[in-house]
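What follows is each chain in one-letter form.
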Amino acid sequence: MSSLAYLEIRGIGVTKFLLMVLKYPFLKYLLIICFLAPLINWSQNIRGKIVNSDDYPLEFAYVSIVTPEDSVLIDATSTNKRGEFELTLLNKISSEHESQGFELENLNKEAHEYKIIAGTFDNPEEARKMVNELSKIGFTAKVAGMNQSGLTRVYIDSINNSLEANNNLERIKTVAPDARLSIEEKPSKSGQNLSETGYIFQVHLVGYKKYQKLIYYKGKTINMGSIALENWNALDEVTVTIVVPISIKKDTISYNTEAFNVKIEDSVEDLLKKLPGIEVDASGLIRAQGEVVSKIFIDGKEFFHGDPALITKNLPAYSIKRVEVIDQKSEKARISGISDSKGKKVVNLKLKEENKVNDFGKLHVGYGTDNRYLTSLNYNRFSSKMQASVIGKYNNVNSSGSDISDLINFNSNGNMSSVNRPGFLTTGIGGFNLGYELKEGQNMNADYFYNYTLATSGDIITNKTELVGNDEINSIRKSSNENISQNHNLNFIYTDRTNDLSSTSFNGSFYSDNNQRDGNSSFERYNGQNELDLQSETNTSSQRTNNSMNLSVQYTRRLTERSKRNFSVSSNLDVYRSTDISLLNQVNSFNISNPEVAFKTLESTDRDESRTNLNFGVNLDYVEPLGKNNYLVFQSNMLFAAIDENVNQTKYENDNLLEPLIFEQYYTVNSTEGGLLYKFDNDRTMLSYGVSILNQNLKFGLLKEEEYSKRYTNLNPQVTFIYRPKAGESWSLNLKKSVRLPRIDQLSPVINNFNTIYIQTGNPLLTPERIVSVSGIHNSYNFKNGFNFFSTVNYTRISNSIVNSEFLDQLGILTSSYENFGAKNNFNIGVRIGKRIESLGLRYSISLDSLYSDYLSIINTEPNETQSKIGSLGFSLENNDKDKIDISLGAKWNKNYTTFSKDSNTTDRDFFQQSYFTKVDWAIADRLNLSSQFKYDIFTDSFFGTDQSVPIWNATASCSPLKSKKLTLLFTALDILNRNVGIVRSSTVNYFEEIQQEVLGNYYLVSLTYKFN
């Protein structure tokens, strides 16, 4: 405990404390002093001025004070234009706690430092080779100048303790087995024992040596005077600093952003796309080492509710010092110390020091040909206690990010679609995030954003071939639509980790959406002889509102510090309400191929629909230790779900009123589950197996009509195995059985004829699907040579599966329902491999994916079996040193082979897509950058008559006219060849389909980005 004068009461109740005050008079005076103390200026202020060797004031120097025992940050600030600063010891601010899954940057904790001598060389060039070898295993080595004997030494500072120095020595032997290794003890810079009571005062500024001094409390304000920082170019040694791009520690892979070419206008999403092992698709979905990233944190704290896409598309990349990919433990595993399989892959963005205490952000505006425009604003103000951010944007260039970069960069994952964003989109977004640390371990975060979209599809042409028995039924649909959406989203989260043995979290979200949609379409269907038989002209309009609320709370408690006995209780409430008013006008012409029986109908339908969903659940887990590393786990949960749906439909046919469709239907589920599992867990291995009993009561039907009531009981086993033999390598295996109840739309007995030529109805006789799933994951990263390997295998079998049952009658009217029929099988394998080629300065990446699936459907009362085999192979090559130029090139090949029922005479489908791409990002000068991306897609299809070749070329040029690089001028050319077309081809169930859609096409745009901090 520090020597600050404050009273801390631990383990004493309020009543007992008051009795002590009455019994002992001196406590009354002490209490009075404690209350009066805040009125007197007893705070220990630390003031001073930071200058260089010429006594010139230094602005933006990061000044901080920490405790030597545990590196807890007491206060921090940055110097003003006059180089002045002021700190106080009473505003105690905690650094990120290791228990939250984020590593602490250890400061000097002992009176001594240790220097590892990694070799003494006659030739300075040999010394530098050793530095390069050490950088590959994560060390920043230094080359000392020649001594009196003419020898050059390579050394590494270890600032922690002698034990860590010895551990590092063993790691160095892996790359330098013949080197003469030794450890030297260095005296502390301050010459004092830092373990004594006191505080570490330190100053950081790029280009200057770190300044540290041990200070002691003496009851008065401390004036540090003028502190002159030393330049790095000291005469007594030559230092070669190696920027290590990637390092691994425990369950964290850390990327140093200084090793990658980051431009001023880049967003975090652009930065992530440059990091090996991380993939970002066109929708903003992030995968790290093959796993989906569920959340993103800023300096270990919630930000915009952890929404990955919202954060990465709006936060500027220049503000990030390190990107950490973390295998985050669940809250229960963190508290109990017992592993589970509920961990998640998360990303933590560590800010640069200057952005932790200053405002920063960027303003982006642009205008181009065809009246294209783009505006965005991002403003952030962070401190160790508070995180505040404001975002705003408005554009009509189909961009959902904060700038145009998400359109410039291709989605190189080999998507079968040549379109990144079809149609025409105008987007407006405004929002803010506020996070505040109430005290150490107790945080509150809230965010709100408003989203406006105007989406116009342009002309869409859909060519479809349905396989009905031995016939191929062709159809053509031409359509266009416009959709206007306005939504509000409010989220908050409160976490309390002040007690090492417990944690509490409370989350909430509120969502409101108003959607207006208008569309029109024309449809033609041909019979088995390829004669036109049905025509339909349709106009639709709908107004839909959605409102939802989610509240959840979780409490986890470890009963004693010595024992791992613990329990966890959580509860969740979901409420959803929607209303939908729809209008359809339709002209249908039937039997066109036979004029004698041809006829036409005019349909007009109004439909009012409302729906309310309610879900409430409670979960309770208890863990009882059986002995060393052995545990018994009791699990129980309860779920109540209810759906109420009201429909009022009026339909006219040829001006004749048909019988109205008015009904109210309900759907309720009451389920309880109890399970018992055995678990073994140590530092490397976790094995868990057990069984649960699930009881489900399902009731549904139409109000005032027959009620369907069903009860199901199932025994569900589960097995989980996780093995981590060493840092950077893991194996996992999961086996689970579960059941899935039919949905309300699958069970509903109501015939939905809103669209006359496409009728839908449910089947109240459906029973639950039974699911068995097996998945395995292997992840390995070799830090020495940069080799990474990630593989995943998944197999799922669904028995008593619910399949589509479709019937196409002689008029061309399609009726769709559901049946329990047969089984579905899905098997997929994914592999990711990457490695540095040091001799060439390159890195290669290989991806391999395969998917096999077979499923059944019922077409005109006949069973139809569909088998789909999909395989893809991707290869890319990029340079290692991305400081000045970032080059990557690659290819991806996708093969899709689909077969149908053996009894059918229909043609199987063979689809092949080739994608070739190259990207160049060249920093020609310090303030001039050129970027070019080219992609060439080739579509080959055995069914569709024409093959497609689509070359797309985008390019940008940017320059920073100001020396500070705060202003960037950007010229962008998109689809320079004007060849982009909207093509999507797919095959499933019993049909082939090709969709052609309008795209934005070629345009040019000039924009300005202003960085402020």
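Residues numbered from 1 in each chain as written. Predicted model: local features only at pLDDT ≥ 70, side-chain atom pairs only at ≥ 80, totals over all residues. Heavy atoms only, no water.

- Where an unreviewed UniProt entry is consulted, the chain appears under the name Outer membrane beta-barrel protein, with the organism given as Lentiprolixibacter aurantiacus.

**Observations regarding the nonpolar core**
- I278, V323 and L349 are the most contacted members of the largest nonpolar core, which totals 33 residues.
- Looking at this core, the elements that each hand over two or more residues are β13 (252-256), α5 (268-273), β14 (278-280), β15 (286-288), β16 (291-298), α6 (308-312), β17 (320-328) and β18 (344-351).
- Among residues more than four places away in sequence, those in contact with I278 are Y255, L272, I286, R287, A288 and V325.
- Membership of the second largest hydrophobic core comes to 19 residues, among which are I50, V63, L205 and Y208. (Core = buried A, V, L, I, M, F, W, Y, C linked by side-chain atoms within 4.5 Å. Buried < 20%, exposed > 50% of the residue type's maximum accessible area, 1.4 Å probe, protein only. Helix = DSSP H or I, 4+ residues; strand = E, 2+ residues; numbered from the N terminus. Contact = heavy atoms within 4.5 Å.)

**Structural notes on the sheet that holds strand β4 (residues 84-88)**
- The mixed open sheet is built from three strands, whose spatial order is β4-β1-β11. A strand with exactly one partner marks an edge of an open sheet, and here the two such strands are β4 and β11 (222-228). Strand-to-strand twist of the sheet, defined as the mean angle between neighbouring strand axes without regard to direction, takes the value 20 degrees. (Pairing = 2+ DSSP bridges. Axes fitted to C-alpha atoms, helices over the stretch in contact; angles between N-to-C directions.)

**Observations concerning the pattern of salt bridges**
- Within the structure shown, the criterion is met by 16 salt bridges.
- Ionic pairing is found between K345 and D327, a salt bridge with its closest N-O pair at 2.7 Å. On the criterion of sequence distance, the pair formed by K345 in strand β18 and D327 in strand β17 is long-range, its members being 18 residues apart.
- A relative accessible area of 32% places D327 in the partly exposed class.
- Salt-bridge contacts for E769 lead to R740; the nearest nitrogen and oxygen are separated by 2.9 Å. (Salt bridge = Lys/Arg side-chain N within 4 Å of Asp/Glu carboxyl O.)

**What about the packing of aromatic side chains?**
- Overall, the coordinates contain 13 aromatic pairs when judged by the stated rule.
- For the ring pair F201 and Y211, a centre distance of 6.2 Å and an interplane angle of 80 degrees mean the geometry is edge-to-face. You can see F201 sitting in strand β9 (residues 199-204) and its partner Y211 sitting in strand β10 (residues 211-215), a full 10 residues away along the chain.
- Here the aromatic rings of F971 and Y1004 are separated by 6.3 Å at their centres, their planes lie at 10 degrees, and the arrangement is stacked. (Phe/Tyr/Trp six-rings, centres within 6.5 Å; stacked < 30°, edge-to-face > 60°.)

**So, the pairing of β18**
- Counting buried positions along β18 yields six of eight residues, so the element is predominantly enclosed.
- Sheet topology note: the β16/β18 ladder contains five bridges and is parallel. Looking at the pairing, V293 lines up with K345 of β18.
- Here eight bridges tie β17 to β18, and the two strands are oriented antiparallel to one another. Residue pairing for β18: V323 is matched across the bridge by L349.

**Topic: the environment of T899**
- Tracing the chain through its elements places T899 in strand β45 (residues 885-899).
- Between the alpha carbons of T899 and T988 there is a distance of 9.8 Å; along the sequence they are 89 residues apart.

**Quick notes on the environment of T453**
- Residue position: T453 is located in strand β23 (residues 442-456).
- A residue is classified by how much of its surface remains accessible, and T453, at 18% relative accessible area, is buried.
- Residues T453 and T427, spaced 26 residues apart in sequence, show a C-alpha to C-alpha distance of 4.6 Å.

**Description of the side chain of S692**
- Its place among the elements puts S692 in strand β33 (residues 685-702).
- A polar atom in the side chain of S692 sits 2.7 Å from the side chain of E673.
- Aside from chain neighbours lying at most four places away, what touches S692 is E673, G674, G675, N714, L715 and N716. (Polar contact = N/O pair within 3.5 Å; in protein donor to acceptor, adjacent residues only side chain to side chain.)

**Some details on unusual backbone geometry**
- Positive phi outside glycine occurs at D370, with the angle close to 55 degrees.
- Along the chain, D370 turns up in the loop between β19 (359-368) and β20 (373-382).
- Judged by its relative accessible area of 55%, D370 falls in the exposed class.

**Here's the deal with the confidence of the model for the chain**
- When the pLDDT values of the chain are averaged, the result is 80; 78% of them are 70 or greater.
- Here residues 1-15 is modelled with pLDDT under 50, and outside its nearest four sequence neighbours on either side it reaches 12 contacts, counting other chains as well. (pLDDT = per-residue confidence, 0-100.)

**Quick look at the pairing of strand β1 (residues 45-51)**
- Judged by how many residues are buried, β1 sits mostly within the fold: five of seven residues are covered.
- The pairing of β1 with β4 spans five bridges and is classified as antiparallel. For N45, the partnering residue across the bridge sits in β4 and is T88.
- Here β1 runs beside β11; their pairing, made up of five bridges, is parallel. Within β11, the residue paired with I50 across the bridge is I227.

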